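So the chains spell out like this:
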Amino acid sequence: MNNILLAVLHGLILGGTYALIAVGLCVIFGVVRIVNFSHGSMLMAATYIYWVFYSNYQIDPYLGMLVVIPLWFIIGFCIQRFLIRTLLLRERAEVISPSSVMLFTIGLNFTLTNLFLMIFTSQFRTFSTWAYNNYLRLFNESFVSQWGRIIAFGCCFLVAGILWFIINKTELGKRIRAVSQNRDAAAICGVNVHSTYGIAFGFGTAAVAVAAACLTEFYIISPNLGATFGTKSFMIVVLGGLGSIPGAIVGGLIFGLIEQVGAQFVTSTMATMLSFAVFLIVLIIKPSGLLVKKGR
Amino acid sequence: MDKNLNKRPFLQGKLCFLILAAVLIIIPFFVRTFIQAVFILIVFYAFCATAWNFICGYSGEMSLGHAVYLGIGGYVSTILLEQYNVTPWLGMLLGALIATALGVIIGLPTFRLSGPYFTLSSIAICQLIGTFVKNTEHLGTIRLAGGSGFSLTARGGDIAMYEFASKNGYYYLILGMLAIAIFLTWVMSRSKLGYYLVAIRSDSDAAQSLGINLTWPRIAAMAISCFMMALGGTFYAQYFRYIGPDTVFHENMSTQVALIALVGGQGTVLGPLLGSVIVTPISQFLAAQFSGKVSGLNLLMYGIALMLVVFFMPKGVCEYIVRGVNRFEAWLFSGMKSKKK
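What you are looking at is a predicted structure, and each value in this text was computed from that prediction instead of being measured.

Asks: Pulling in residues and values, what's your account of the overall build of chain A?
Replies: The helix and strand inventory of chain A stands at 12 helices and two strands. Ordered by position in the sequence, the α and β elements of chain A form the string α-α-α-α-α-β-β-α-α-α-α-α-α-α. The globule rule puts the C-alpha radius of gyration for 296 residues at 19 Å, and the 19 Å found for chain A is close to it. Summarising its shape, the C-alpha atoms of chain A cover approximately 60 × 45 × 35 Å along the three principal directions. Burial status across chain A gives 53% buried among its 296 residues. In chain A, 77% of the contacts between residues at least 6 apart in sequence involve partners at least 24 apart.

Below, the structure written as structure tokens:
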């Protein structure tokens, strides 16, 4: 098979992982309207929880999800309910992305990253699970990919689908959408704004727990993981359009494609830079994002 | 009428400022070299935070990539010095102009949008240029030195080449730069530009309805801020005799500068200086005590400090100190008056 076509396939699979991480952020961004810089470090923290499970009890991260997802949901809910709520109430006048919340999440990001750096040191860790060690081989062995990557790609659509279903088809989703459109009007209609925000934040962090489990199955983990994926997932969310779940998937796939296909022509660091450049260009030309109609 | 009623509070008066300036000017003669180095860092970070505050504090647009302008200033002057033997006094102006141009290019599209776009693009541009410098040894005929960075060759304390024989020289230089930066901020905060910025920060719709252009005041402030930041970058390179992508293009640097201004009080003239006086010695002490033993403690403290400041002191320390001193002053004067009676 042709190299470019292979790179496209690999790019799509990598993009799936990016999209999986970005989807959680997208929900938080779209509903609570805050810029959550602690997303990357929540991802990193979750991978280390899986690492503790794996190194002590040989629990596969896919199994560990059963514990970590509810835990992360509760943590996300509590962060929103007890910390961010206070700041939001203080800045009632500003509806969109109050800067003190953003600074608070940056502080949280720094704290978490360096706390884990102190506890687990900067040593790289790898999981030697089934999905890590086994490969999917297709097209006469010309296409080889770890199963972990393929599963992450599948999980991306699964998680995005579940979140999309909850937000668009359920009673809870109706409340979430109402709050995201206008929180004062929603409050007048009897919606408990802050617990709805908490639930949405919890969904976002729970989604990142899934992403962390998928990531551990093919990626080397270290405390810098948050910095690597955190900023990228932001750009993906902005690229696709704030708060649009399909947009996050498209943005993630675009990032993956640029990096993998670009790496065929230039060095891989240059390809990473190319994706940043694409982000900046889209920001300048169509700041509302690729998949959002202008009227919104 | 009582004379005291017309008097300005001590902290806003000239006397306070003169005392502060005098203390900063004479201090290097009385302390050891290590303390001198800490003082240089305090003033350097105060300068950077003042530059950051110029745009971010007054307009409310958080830039978390201001280190990139520091880096550009330092790199341009260093490359000119090392390869073309151009004195950094000239090189810093060129670097500052390039940084200003970049800042305006970033600001033009993003200041038109409300929301986090400016913050995100500032981070993106910092990472983009940082990654580029880190992975490029040569750009055409220009040597960028990649990840290893430049170590500047010593030229024997030649002032014409921006090199001083003693630490005092560097100290007075950066102190002068800080004084100019603070003066500029003071002028700006009392000029039309300052009022425009504060109006836009408070309520952009209301500001627009009064006929204020939303973009240009912020662009102008951004340009001045980037210019100052780049001058700081040249100082950084010349003082440390080293410049590399892991320090000047790193997000830690950006966050540190922002944190100092936030602790001191964003949108105030002397806030960044106060913030630096508080934050820099603590961080230097932690770095000196724990470097090599516990990695990350330094930055952990930054994170916790940032959260605490945002939570409990959203307007910074400056406000509390001003309020406290004013109250003390009022108490003092009322005490003296009652004694006279």
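Asks: How would you sum up the overall build of chain B? Please name residues and give values.
Replies: Secondary structure summary: chain B contains 15 helices and four strands in total. In terms of overall dimensions, chain B has a C-alpha envelope of 80 × 55 × 40 Å along the principal axes. Out of the 341 residues belonging to chain B, those deemed buried represent 47%. For chain B, restricting intrachain contacts to residue pairs at least 6 apart in sequence, the fraction spanning at least 24 positions comes to 76%.

Asks: Let's hear about the interface of chain A and chain B: which residues, and what values?
Replies: Counting residues at the interface gives 32 residues for chain A, matched by 36 residues for chain B. Where the side of chain A that touches chain B is concerned, the elements lending two or more residues are helix H4 (99-120), helix H10 (225-240) and helix H12 (268-285) of chain A. Here the side of chain A that touches chain B takes 14 residues from H4 of chain A, the largest share from any one element. The class makeup of the residues in the side of chain A that touches chain B is 22 nonpolar, 10 polar and no charged.

Asks: So, the packing of helix H2 (residues 39-57) of chain A against H10 of chain A: which residues are in play, and what are the values?
Replies: Residue and element names in this part refer to chain A. Between H2 and H10, whose axes approach to 7 Å, the crossing angle comes to 140 degrees. Classified by the angle their axes make, H2 and H10 are oblique. In the crossing of H2 with H10, the sense of the turn from one axis to the other is right-handed. On H10, the residues touching His39, Gly40, Ser41, Leu43, Met44 and Thr47 of H2 are Leu225, Gly226, Ala227, Phe229, Gly230 and Ser233. Looking at side-chain class alone, the contact of H2 with H10 contains five nonpolar, seven polar and no charged residues.

Asks: If you had to explain the pairing of strand E1 (residues 135-138) of chain A to someone new, which residues and values would you point to?
Replies: All names here are of chain A. Sheet topology note: the E1/strand E2 (residues 143-146) ladder contains four bridges and is antiparallel. When the bridges of E2 are listed, Arg137 appears paired with Val144. In sequence, E1 turns back onto E2 through a hairpin of four residues, with Phe139 there showing a positive phi of about 50 degrees.

Asks: Give me helix H7 (residues 167-189) of chain B: which residues, what numbers.
Replies: Residues that lie three or four places apart on an α-helix share one face, since the helix turns once every 3.6 residues. If you check H7 of chain B, its first and last C-alpha atoms are 33 Å apart, about what 23 residues at 1.5 Å a residue would give, namely 33 Å. Within H7 of chain B, burial applies to Tyr170, Tyr171, Ile174, Leu175, Met177, Leu178, Ala181, Ile182 and Thr185 of chain B.

Asks: Quick one: what's the story with the nonpolar core, residue by residue and with numbers?
Replies: Counting 191 residues, the largest nonpolar core has Leu20 and Val23 of chain A together with Val43 and Ile174 of chain B as its most contacted members. Here this core gets 16 residues from one element, more than from any other, and that element is helix H3 (residues 33-59) of chain B. In this view, Val23 of chain A contacts Val159, Ala160, Leu163, Ala207, Ile245 and Ala248 of chain A; residues no more than four positions away in its chain are not counted.

Asks: Before we move on, could you go through the confidence of the model for chain B and cite the residues and values that matter?
Replies: All names here are of chain B. This prediction gives chain B a mean pLDDT of 81; 91% of its residues lie at or above 70. Taken element by element, the predicted model of chain B shows its lowest mean pLDDT in helix H1 (residues 3-6) (48) and its highest in helix H10 (residues 216-240) (90). Scored as a complex, the prediction yields pTM 0.83 and ipTM 0.78.

Asks: Just give me the short version of the confidence of the model for chain A, but keep the residues and values in it.
Replies: The predicted coordinates of low-pLDDT regions are not to be read in fine detail. In the predicted model, chain A carries a mean pLDDT of 82, and 95% of its residues have values of at least 70. Scored below 50 in pLDDT, residues 93-97 of chain A shows 10 contacts in the model against residues more than four places distant or in partner chains.

Asks: How would you sum up unusual backbone geometry? Please name residues and give values.
Replies: All names here are of chain B. Even without being glycine, Asn85 reaches a positive phi, approximately 60 degrees. Within the secondary structure layout, Asn85 lies in the loop between helix H4 (67-84) and helix H5 (88-110). Note on Asn85: 9 C-beta atoms within 10 Å, which makes it exposed. Even without being glycine, Arg241 reaches a positive phi, approximately 60 degrees.

Asks: Can you break down H2 of chain A residue by residue, with the values?
Replies: Residues and elements named next belong to chain A. For H2, with 19 residues, the first-to-last C-alpha span of 27 Å sits near the 27 Å given by 1.5 Å per residue. Within H2, the full set of buried residues consists of His39, Gly40, Ser41, Met42, Leu43, Met44, Ala45, Ala46, Thr47 and Tyr50. Buried residues belonging to H2 abut helix H1 (3-32), helix H3 (61-90), H4, helix H9 (193-216) and H10.

Asks: How would you sum up the environment of Cys318 of chain B? Please name residues and give values.
Replies: Residue and element names in this part refer to chain B. Within the element layout of this structure, Cys318 appears in helix H15 (residues 317-340). Take Cys318: there are 23 C-beta atoms within 10 Å of it, and that puts it in the buried class. C-alpha separation for the pair Cys318 and Gly275, spaced 43 residues apart in sequence, amounts to 8.0 Å.

Asks: Let's hear about the environment of Val309 of chain B: which residues, and what values?
Replies: All names here are of chain B. Mapping Val309 onto the fold places it in helix H14 (residues 297-312). Expressed as a C-alpha distance, the spacing of Val309 and Leu262, which sit 47 residues apart in the sequence, is 7.7 Å. When residues no more than four places from it in sequence are discounted, the contact partners of Val309 are Leu262 and Val263.

Each value, and the rule that gives it
Residues numbered from 1 in each chain as written. Chains lettered and ligands numbered in written order. Predicted model: local features only at pLDDT ≥ 70, side-chain atom pairs only at ≥ 80, totals over all residues. Helix = DSSP H or I, 4+ residues; strand = E, 2+ residues; numbered from the N terminus. Rg over C-alpha atoms; globule rule 2.2 N^0.38 Å. Buried ≥ 20, exposed ≤ 12 C-beta atoms within 10 Å, placed from the backbone. Contact = placed C-beta atoms within 7 Å. Nonpolar A, V, L, I, M, F, W, Y, C, P; charged D, E, K, R; others polar. Axes fitted to C-alpha atoms, helices over the stretch in contact; angles between N-to-C directions. Parallel < 35°, antiparallel > 145°, perpendicular 65-115°, else oblique. Left-handed = near helix turned anticlockwise from the far one by under 90°. Pairing = 2+ DSSP bridges. Expected span 1.5 Å × (residues − 1). Core = buried A, V, L, I, M, F, W, Y, C linked by C-beta atoms within 7 Å. pLDDT = per-residue confidence, 0-100.

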